[in-house]
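Examination of the molecular architecture
One-letter residues, chain by chain:
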Amino acid sequence: MPRRSPPSGPSIEVLRLGHRPGRDPRLTTHLALAARALGAERLWLHPPDPAIADRLEAVARRWGGRFSVEGCVDWRGMIRRFDGVVVHLTMYGRPLPALLPKLRRARRLLAVVGGAKVPADVYRLAHLNVAVGPQPHSEVAGLALLLYALHGLPGPERWAGAQQRIVPSARGKRVRRAR
Ligand code: SAM
């Protein structure tokens, strides 16, 4: 069974720089949840944080899919070796709408997002510096809008291996268990 209707755009991995293990687990967890729910395949965390990886594994056990969180030590090497388009999300970049046609044609994307401050060389190492609007907001918002622009929203179908899925309802919470 497919994880979901195959997205028509590129496959997307995310590299999160400036994570602070033990200090901002909620923000990075939300980044991971948004990445997973909106169609990314993997989140690389620099520095690595097994606690976030475990949390997302527990989510995937219940809700399915093949998303994983992995540690990344040498993030510069990862960017240099990535065999696709490296897109750094920053408010200082070129506007997303102007670059969307190019991004849609890519086979693989690595979306790089920062924390409080990103190392200056990211701007040079990335193939594209892309602004999701020219105002400061957050890595979760920037990534979510990029994924939405490229893949749209996932439908209500059950993801591979899911123990349960939501049945959309006007009121209340309906969940169908896998048989
Ligand atoms: N001064 C930072 C900067 O260079 O964008 C803002 C830091 S912000 C708290 C953390 C991350 O959110 C940034 O590294 C960037 O990846 C993302 N972000 C914030 N605003 C954005 C925007 N307008 N467009 C794209 N990404 C954005």
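Residues numbered from 1 in each chain as written. Predicted model: local features only at pLDDT ≥ 70, side-chain atom pairs only at ≥ 80, totals over all residues. Heavy atoms only, no water.

A few points about the sheet that holds strand β3 (residues 68-71)
Formally: Pairing between two strands requires that DSSP report at least two bridges joining them. A helix here means a DSSP run of H or I that spans at least four residues, while a strand means a run of E at least two residues long, and both kinds are numbered starting from the N terminus. As a rule, the C-alpha atoms of each element are fitted with a line to give its axis, helices using only the stretch in contact, and angles between N-to-C directions run from 0 to 180 degrees. The contact rule is simple, with two residues in contact once any of their heavy atoms fall within 4.5 Å.
Strands sit in the order β3-β2-β1-β5-β4-β6 across an open sheet of six strands; the sheet is parallel. The strands lining the two open edges of the sheet, one partner per strand, are β3 and β6 (128-131). Taken over all neighbouring pairs, the strand axes of this sheet differ in orientation by 30° on average, direction set aside. Against the sheet, helix α6 (residues 139-151) engages β1 (11-16), β4 (85-95) and β5 (108-113), with an angle of about 170° to β1.

Examining the packing of helix α4 (residues 96-105) against α6
Our working definition: What sets the label is the angle itself: under 35 degrees gives roughly parallel, over 145 gives roughly antiparallel, 65 to 115 gives roughly perpendicular, and the rest give oblique. Crossing handedness is defined as follows: a turn of the near helix away from the far one that is anticlockwise and smaller than a right angle gives a left-handed crossing, while the clockwise case is right-handed. Each residue gets one of three labels, nonpolar for Ala, Val, Leu, Ile, Met, Phe, Trp, Tyr, Cys and Pro, charged for Asp, Glu, Lys and Arg, and polar for the others, Gly among them.
Contact pair α4 / α6: the axes reach a minimum separation of 10 Å and the direction vectors enclose 55°. As judged from the angle between their axes, α4 and α6 are oblique. By crossing handedness, the relation of α4 to α6 is classed as right-handed. Across from Leu 96, Leu 100, Leu 103 and Arg 104 in α4, the residues of α6 making contact are Leu 146, Ala 149 and Leu 150. Looking at side-chain class alone, the contact of α4 with α6 contains six nonpolar, no polar and one charged residues.

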